[in-house]
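The residues making up each chain are set out below.
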Amino acid sequence: MKKIVIKKERIMMICLIILGGICFNSSAKTNTSTDQKMVEKIVASMRLKEKAQLVIGTGMHFEMPAGVDLPFGGRGPVDSLDLAYSEMVAHIRTFVPGAAGNSSMFKEKGVSTQVLADGPAGLRIQPKRKGSDDSFYCTAFPIATVLASTWDTELVKKVGEAMGNEVLEYGIDVILGPGMNLQRDPLCGRNFEYYSEDPLITGKMAAAMVNGIQSNGVGTSIKHFAANNSETNRMSVNTIVSERALRELYLRGFEIAVKEAQPWTVMSSYNKINGEYASESHDLLTKILRDDWGFEGYVMTDWGGGSNLVAQMEAGNDMIQPGSSQQVYDLIQAVENGKLDVAVLDKNVGRILTIMLKTPRYKEYAYNNQPDLKAHAEVTRQAASDGMVLLENKGALPFKSNIQKVAAFGNSSYDFISGGTGSGDVNEAYTISLIQGLENGGYQPNAGLMKVYENYLVEARANAPKPTNWLTAMLGGKVPLAEMEVSRELTEKMALESDVALITIGRNSGEGGDREAIAGDFEFSEVEKAMIQTVTDAFHAAGKKTVVVLNIGGVVETASWKNIPDAVLLAWQPGQEAGNSVVDVLSGKVNPSGKLAITFPLNYSDVPSAKNFPGQATEGTTGNEADLSGFSFMRRVPWEIVYEEDIYVGYRYFNTFGVEVSYPFGYGLSYASFDYSGLKLSTTKFKNKLSVSVKVKNTGKVPGREVVQLYLTAPAQTMNKAKNVLVDFGKTKLLKPGEETTLTFDLDAMDLCSFNAATSSWEAEAGEYTLQVAASATDVKESAAFSVPKALVAGTVSKALVPEVKINVLK
């Protein structure tokens, strides 16, 4: 990665104009005192209007696809009464076309713009620009769910390093990601942007990603803070949730990321939490984020989030995006009328400037618009294959040496889905289809079947309606095509001509809408089920095997059909090297080592949140009213969702209440096999620390890696507890057949604790605890007990985000 250097001109400007002789050197260790003096000097030099223009974004500006109109009014910051400001905005918009937003620039004050761009699965900017023959494509990395399924924080950091290099070399200062809300319910439309149903995995993966990206000297914005677990009426939904569930689940991942990685920025979410917009919550943004966790950066709104400018500034939401000239004037008026203390505004401005000092644009880094996309494609290919999960295998995988001719069924075999829609999508140069991956791997896809699908897809696309989700349409997304019906005659012909059948089932979703528990979405359609059965029957009759590949962004129903084919590979949405990564696993070039970071239920109705997802009209309303207050891109419908399942989300619910699942959390098969032995604890009486070690041996015939999961069962005399909770995890190196390694885990008091809302403290009860070393949440290999002689308190935090109403929580 390139080092960021400050040009001589910038050094001179800092020395002569800002600090009066004190020189800022970016190659030296950051001098916090010097930076603070610099910030104070700039703030003191700024007029009120400039301060307001800095905390308010400079509007949205992008080219719309033909025939697509925005559902909201203009968002430009053009101010006919301030020509200099309008000219500045027009100028900074030319820096990186397709960027999501910019902060204001005041060159004479030493204030540079900060260029902000989406998103979680790779940088999103405009790939082609008027007047230029050059291209500006970015790498579509695997979605967050894939990365979490690797259970490999070192690999995720490597992905972050590659992504951060593109951020740097394309002239971006802050990338708007990673997304790290919990996958509370399988139907959330943006689950593909999020890591897991578990806060520990979420926090560790996000911290690794942030550290990787920011190692390039660019920033991140972890999002959406917080309890933003659905898209339906997302601008106004009131999330009603207990203090304990917030602290243990919905805030915990963010806490880990902040403490272990210090992201430059945090993005507040659209929703309300217990009656108050997240971006207006002093409890959330000051008490919790800054006072409890020590966050050092600035907070920005999600685009169009919140309702009350003064409340946002006072809460600690420092930057409003995308911003409008009206908001600038509203903020000025609030200060002049005494509704907002200018000292509060100065603090907001100061936080933004503190991060500005770190940015490549402030340091005048000479970005080249030529990141090493080829090298990043290799990183993507590895990360995707390592995150794929082998769900079923009856001897079909890896392909035997006699497998050459492949019959590829399913639309997605030919139009593979690299990632989800909305702001989390990436403008990549290509996506390798499964067909291309097979050809690249030396296999021969059936040409006749290819022609059948190509003809079908051309006709289906020509007749496809426009997306009903305006965000999908605005950002160039497509409507999923209905699966082609497959006749028995066709499958029997293919069985005679081919050595194996592949069936790819695709699903997609994205920002602005949630999925549905219906056929063709969470459920498989009758056409899809019939295809699996018909193809498998034909190939079995010919003594051949069938493999299903799931090209999906979120959980689907599997129990009704998973035993029909000979193998099921969960490929997720693996980024632009999709087909190559899938074939690496099918061929055995890569031994699958991914494990589920989300539970696959038998039925959607088994999910504890199913009875209240995605919420309901607020009591006393019909759900048709529109609250037009605030800066909304969409109608704000009075809406609420109550998290009655409380702490029992995902495996915490299924294991505790004995509900059978299709595939448990942490599950995944391998072409190798592994033996666990020699579990040891450093002590059987816990004081402040505890070390755990276990040996893992490859007892299979091929090299492989194993994910080792450490769960804790705690006494539940004073508080309800889940049956077991993940407290640590690790992944072995690539073990040769017969090779053994030892993994060690270190636990402290916090790992034993639950949150006591009555005392706002993290507490561990006295009594006996059990540690389980496991291959999944239900596959315990070895266990050992230890005791806590006396109740422990690991820390006390702010009293915050108390629900306004009583919640009938699950117990």
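Not measured: the values here are computed from a predicted model.

1. Notes on the overall build of the protein chain
So, step 1. Counting its regular elements, the protein chain contains 23 helices and 29 strands.
So, step 2. At 27 Å, the protein chain has a C-alpha radius of gyration in line with the 28 Å of a compact globule built from 811 residues.
So, step 3. By its C-alpha atoms, the protein chain is 80 × 70 × 60 Å across when sized along the principal axes.
So, step 4. Residues counted as buried form 63% of the 811 residues belonging to the protein chain.

2. What about the sheet that holds strand β15 (residues 567–570)?
So, step 1. Pairing within the open sheet is mixed, and its 6 strands lie in the order β10-β15-β14-β13-β11-β12. Two strands close off the open sheet at either side, each with one partner strand: β10 (389–393) and β12 (444–445).
So, step 2. The pairing of strand β11 (residues 405–409) with strand β13 (residues 500–506) spans 4 bridges and is parallel. Residue pairing for β13: phenylalanine 409 is matched across the bridge by isoleucine 503.
So, step 3. Strands β11 and β12 of the sheet are contacted by helix α17 (residues 447–462), whose axis makes an angle of about 15 degrees with β11.

3. Let's talk about the pattern of salt bridges
Proximity of charged atoms lets side chains of opposite charge pair with each other.
So, step 1. Evaluation of the coordinates by the stated rule reveals 31 salt bridges.
So, step 2. Residue glutamate 50 pairs with lysine 109 through a salt bridge whose shortest N-O separation is 2.7 Å. Taken together, the residues glutamate 50 in helix α3 (residues 48–55) and lysine 109 in the loop between β1 (101–102) and β2 (115–118) connect sequence positions 59 residues apart.
So, step 3. Look at lysine 109 and you get buried, because its relative accessible area is 16%.
So, step 4. Its salt-bridge partner being lysine 799, residue glutamate 243 comes within 3.1 Å of it at the nearest N-O pair. Residue glutamate 243 is located in helix α8 (residues 243–250), and its partner lysine 799 is located in the segment after β29 (792–796); the two are separated by 556 residues in the primary sequence.
So, step 5. Since its relative accessible area comes to 39%, lysine 799 is described here as partly exposed.
So, step 6. Within this structure, Arg190, Glu193, Glu231, Arg234 and Glu511 form a network of salt bridges that share partners.

4. Some remarks on helix α14 (residues 373–387)
So, step 1. Taking 1.5 Å of rise per residue, 15 residues should cover 21 Å, and α14 covers 21 Å from first to last C-alpha, within 8% of that figure.
So, step 2. For α14, the complete set of buried residues consists of His376, Ala377, Val379, Thr380, Ala383, Ala384, Ser385, Asp386 and Gly387.
So, step 3. Summarising the contacts, the buried residues of α14 are in contact with α5 (144–150), α6 (153–169), β10, α21 (578–587) and β23 (725–731).

5. Considering the packing of aromatic side chains
So, step 1. In total, this model carries 21 aromatic pairs according to the counting rule given.
So, step 2. Ring centres of phenylalanine 399 and tyrosine 443 lie 5.5 Å apart, and the angle between their planes is 75 degrees; this geometry places the pair in the edge-to-face category. With a gap of 44 residues between them, phenylalanine 399 in the loop between β10 and β11 and tyrosine 443 in the loop between α16 (434–440) and β12 connect regions that are remote in the sequence. Grouping residues by exposure puts phenylalanine 399 and tyrosine 443 together as buried.
So, step 3. Three or more aromatic residues link up through ring pairs in this structure, and these residues are Trp151, Tyr651, Phe665, Tyr711 and Phe729.

6. Concerning the sheet that holds strand β22 (residues 707–713)
So, step 1. Read from one edge to the other, the open sheet built from 4 strands follows the order β23-β22-β27-β28, with strand pairing classed as antiparallel. The open sheet has two free edges, formed respectively by β23 and β28 (779–788), since each of these has just one partner strand. Strand-to-strand twist across the sheet, computed as the mean angle between neighbouring axes with direction ignored, equals 20 degrees.
So, step 2. Pairing geometry for β22 and β23, over 6 bridges, is antiparallel. Of the residues in β23, the one forming a bridge with valine 707 is lysine 731.

7. Brief notes about helix α10 (residues 282–292)
So, step 1. All buried positions along α10 are accounted for by Leu284, Leu285, Thr286, Ile288, Leu289, Arg290 and Asp292.
So, step 2. Once α10 ends, the next one or two residues include glycine 294, with phi positive near 80 degrees.

8. Topic: the confidence of the model for the protein chain
So, step 1. Predicted confidence across the protein chain gives a mean pLDDT of 92, with 91% of residues reaching 70 or more.
So, step 2. The low-confidence segment residues 1–29 (pLDDT under 50) makes 55 contacts with residues lying over four places distant or belonging to another chain.
So, step 3. Low confidence marks residues 71–75, where pLDDT is under 50. Its contacts with residues over four positions away, or in another chain, come to 11 contacts.

9. What about the environment of leucine 449?
So, step 1. Along the chain, the position of leucine 449 falls in helix α17.
So, step 2. When the C-alpha atoms of leucine 449 and isoleucine 172 are compared, they prove to be 44 Å apart, with 277 residues separating the residues in sequence.
So, step 3. When near neighbours in sequence (up to four residues on either side) are disregarded, leucine 449 contacts Ala407, Ala408, Phe409, Tyr414, Leu490 and Met494.

10. Focus on unusual backbone geometry
So, step 1. Residue histidine 224 follows lysine 223 across a cis peptide bond; omega there is -5 degrees.
So, step 2. On the secondary structure map, histidine 224 appears in strand β4 (residues 219–225).
So, step 3. A cis amide bond links phenylalanine 613 with the next residue in sequence, proline 614, at an omega value of 0 degrees.
So, step 4. Among the structural elements, proline 614 can be located in the loop between β16 (600–601) and β17 (616–617).
So, step 5. With phi around 60 degrees, aspartate 646 is a residue other than glycine that occupies positive phi space.
So, step 6. Secondary-structure assignment places aspartate 646 in the loop between β18 (639–642) and α22 (651–656).
So, step 7. In this model, serine 760 sits at a positive phi of 50 degrees, which is unusual for a non-glycine residue.
So, step 8. Relative to the helices and strands, serine 760 is located in the loop between β25 (754–756) and β26 (761–764).

Rules and cut-offs
Residues numbered from 1 in each chain as written. Predicted model: local features only at pLDDT ≥ 70, side-chain atom pairs only at ≥ 80, totals over all residues. Heavy atoms only, no water. Helix = DSSP H or I, 4+ residues; strand = E, 2+ residues; numbered from the N terminus. Rg over C-alpha atoms; globule rule 2.2 N^0.38 Å. Buried < 20%, exposed > 50% of the residue type's maximum accessible area, 1.4 Å probe, protein only. Pairing = 2+ DSSP bridges. Contact = heavy atoms within 4.5 Å. Axes fitted to C-alpha atoms, helices over the stretch in contact; angles between N-to-C directions. Salt bridge = Lys/Arg side-chain N within 4 Å of Asp/Glu carboxyl O. Expected span 1.5 Å × (residues − 1). Phe/Tyr/Trp six-rings, centres within 6.5 Å; stacked < 30°, edge-to-face > 60°. pLDDT = per-residue confidence, 0-100.

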